[in-house]
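So the chains spell out like this:
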Amino acid sequence: MRRALPSREELLEILDTVKDPEVPVLSVVELGIVRDVAASDAGVVVTITPTYSGCPAMHEIETEIRRALALEALGPVEIRTTYSPAWTTDWMTSAAKEKLEAYGIAPPGPADTSELVPLRRRSAAIRCPYCKSHDTTQKSAFGSTACKAIWFCNECRQPFEEFKAI
Amino acid sequence: MSDAAFTYLLRLGDDRLVLGHRLSEWCGHGPILEEDIALANVALDLIGEATLLLKLAGQLEGNGRNEDALAYLRDAIDYRNALLTELPIGDFAVTIVRQLFFSVFSLLQMEALQRSTNADLAGIAAKAVKEARYHVRHSAQWVVTLGDGTDESHARAQAAVDDLWRYTGELFMADAVDQAVAADGFGVDPSVFAEPWREQIDEIMRRATLTIPPVAYMQRGGRDGRHTEHLGHMLAEMQIVARSNPGATW
């Protein structure tokens, strides 16, 4: 006999086991990449959105989502990609931001919605995830992945990454 | 689906694909490690945007061409990018001045396209705006650093501005394609960006102690498929694997 269809919450719990390959401490649900999920007799439809247009992890994330859902035998899985509304770090929960900092990546502040001011540097310094000092310097607005910037802590002399606020 | 909308999307996508590919030539050759990473990141953003734009172009065209077919199986004469984007990377000053010229234009264009009547295009633009903001900041800071730097960096930055300026006019030239897509709200006439672009560039040039050359003639042709000799060489390298192994997967 077929069991009852899982609720949205139950499905999100399953997807919460899928980690971002570049930030393995966070799941695709915590990052806000999963926008919607619903099960029906015809299978499961998952709607995802990329963090950056060229994020090379999206293919891997799709594969992992399929793998996680296949274990639950819920039928065919359809993955839809949406670009609107555009992903923002504001979708990250405060619990997710704490995990990020504990992992050694400075979490994003509020999203940058300012009008174009090309030469203005960010006024508030980013807090070092290791020693919590605010005496830090941005070394590059771009880091090892599209979503991160490189910083240096002048207090503990440690380079670290920041999850960019967008 | 009108031909104008298809051509318009090719122009948007090709600008970003060609410039993204040019930037990727720096990968492993950047002046410092952080800058190597930065240029590769910007390249990734641009190629990502191009992927989405060319995919949409292929869908609207309805002839079964996807983004890969449009990127790898078109010849130079079928490319619709502005000439500015296809010029060789030159030295770091040429790369970064070109990037400033294009990024300021791209930000204005994508901000406006968020209001496109086509929901897919509006969504792509909303993502691209966030990326373009970073690109403008990055290149503007470098142009000021180089222009207001040593005699050597100033001379190179000024030479780059002098050489590239004549290619900037094409970004704002509107033709029947632009007017058609602007009329139904699908796209935006690029000539409306000329003034705000110039204001921002003037301000950055002032801080960089650089001057804009008195050039009366602006080069054009890319939007109609008339390119410099550089594009064909670039495409030959970019397309060789896809053309030598049609349909290959791995």
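Quick notes on the rules
Residues numbered from 1 in each chain as written. Chains lettered and ligands numbered in written order. Predicted model: local features only at pLDDT ≥ 70, side-chain atom pairs only at ≥ 80, totals over all residues. Helix = DSSP H or I, 4+ residues; strand = E, 2+ residues; numbered from the N terminus. Contact = placed C-beta atoms within 7 Å. Domains from an automatic or database assignment. Nonpolar A, V, L, I, M, F, W, Y, C, P; charged D, E, K, R; others polar. Pairing = 2+ DSSP bridges. Right-handed = clockwise from strand over helix to strand, strands pointing away. Buried ≥ 20, exposed ≤ 12 C-beta atoms within 10 Å, placed from the backbone. Axes fitted to C-alpha atoms, helices over the stretch in contact; angles between N-to-C directions. Expected span 1.5 Å × (residues − 1). Bend = angle between axes of the 7 residues up to and from the residue.

### Section: the overall build of chain A
Scanning chain A from terminus to terminus reveals three helices and seven strands. Ordered by position in the sequence, the α and β elements of chain A form the string α-β-β-α-β-α-β-β-β-β. Restricting the contact set of chain A to residue pairs at least 6 apart, pairs at least 24 apart contribute 54%.

### Re the domain arrangement of chain A
Residues and elements named next belong to chain A. Domain boundaries assigned for chain A yield domain 1 (8–87) and domain 2 (92–163). If you average the C-alpha positions of domain 1 and of domain 2, the two centres end up 26 Å apart. Listed per partner, the contact involves eleven residues of domain 1 and ten residues of domain 2. Partitioned by chemical class, the residues of the side of domain 1 that touches domain 2 number six nonpolar, three polar and two charged.

### Quick look at the pairing of strand β2 (residues 43–48) of chain A
Residues and elements named next belong to chain A. Two strands pair when backbone bridges link them, and strand β1 (residues 34–40) and β2 are joined in this way by six bridges, in the antiparallel orientation. Among the inter-strand pairings, D36 is bridged to a residue of β2, identified as T47. From the end of β1 to the start of β2, which pair antiparallel, there are two residues. Taken together, the five bridges between β2 and strand β3 (residues 77–81) define a ladder with parallel strand orientation. Each bridged residue has a counterpart across the sheet, and for V45 the counterpart in β3 is E78. Once the chain exits β2 it traverses helix α2 (residues 58–70) before rejoining the sheet at β3, and the crossover so formed is right-handed.

### Overview of the environment of P50 of chain A
Residues and elements named next belong to chain A. Position of P50 among the secondary structure elements: in the loop between β2 and α2. Of the residues examined, P50 has 21 C-beta atoms within 10 Å and is grouped as buried. Sequence separation between P50 and I61 is eleven residues; the distance between their C-alpha atoms is 9.9 Å. With sequence-adjacent residues up to four places away left out, P50 is seen in contact with C55, M58 and W87.

### A short note on the interface of chain A and chain B
On the side of chain B, 31 residues touch chain A, which itself brings 19 residues to the contact. Residue composition of the side of chain A that touches chain B, by class: twelve nonpolar, five polar and two charged.

### Topic: the sheet that holds strand β6 (residues 148–153) of chain A
Strand pairing in a sheet is mediated by backbone hydrogen bonds. Such pairs are either parallel or antiparallel. All names here are of chain A. Strand order in the open sheet made by the four strands is β4-β7-β6-β5, with mixed pairing throughout. The open sheet terminates on both sides in strands that have one partner only, identified here as β4 (105–106) and β5 (136–140). Looking at chain direction, β5 and β6 are connected through four bridges and run antiparallel. Across the sheet, residue S140 finds its bridge partner in β6, namely I150.

### Concerning the sheet that holds β2 of chain A
Residues and elements named next belong to chain A. Taken in spatial order, the three strands of this open sheet run β1-β2-β3, and their pairing is mixed. Of all the strands in the sheet, the pair left with one neighbour each is β1 and β3. Within the sheet, the average angular offset between the axes of one strand and its neighbour, ignoring direction, is 15°. Where helix α1 (residues 8–15) meets the sheet, it contacts β1 and β2, and its direction lies at approximately 120° from that of β1. The strands touched by α2 within the sheet are β2 and β3, with β3 carrying the most contacts at an inclination of about 150°.

### Some thoughts on unusual backbone geometry
Residues and elements named next belong to chain A. The omega torsion of the bond from S84 to P85 falls at 0°, within 30 degrees of zero and hence cis. Its location among the elements puts P85 in the loop between β3 and α3 (94–103). The residue A73 is not glycine, and still its phi comes out positive at about 50°. With respect to the helices and strands, A73 occurs in the loop between α2 and β3. In this structure, K132 takes a positive phi of about 65° despite not being glycine. In this structure, K132 sits in the loop between β4 and β5.

### Focus on helix α10 (residues 229–244) of chain B
All names here are of chain B. An ideal rise of 1.5 Å per residue puts 22 Å on 16 residues; α10 measures up with 22 Å between its terminal C-alpha atoms. The largest bend along α10 measures about 45° and falls at M238. Where α10 is concerned, the buried positions are L231, M234 and L235. The secondary structure elements touched by the buried residues of α10 are α1 (3–24) and α4 (83–86).

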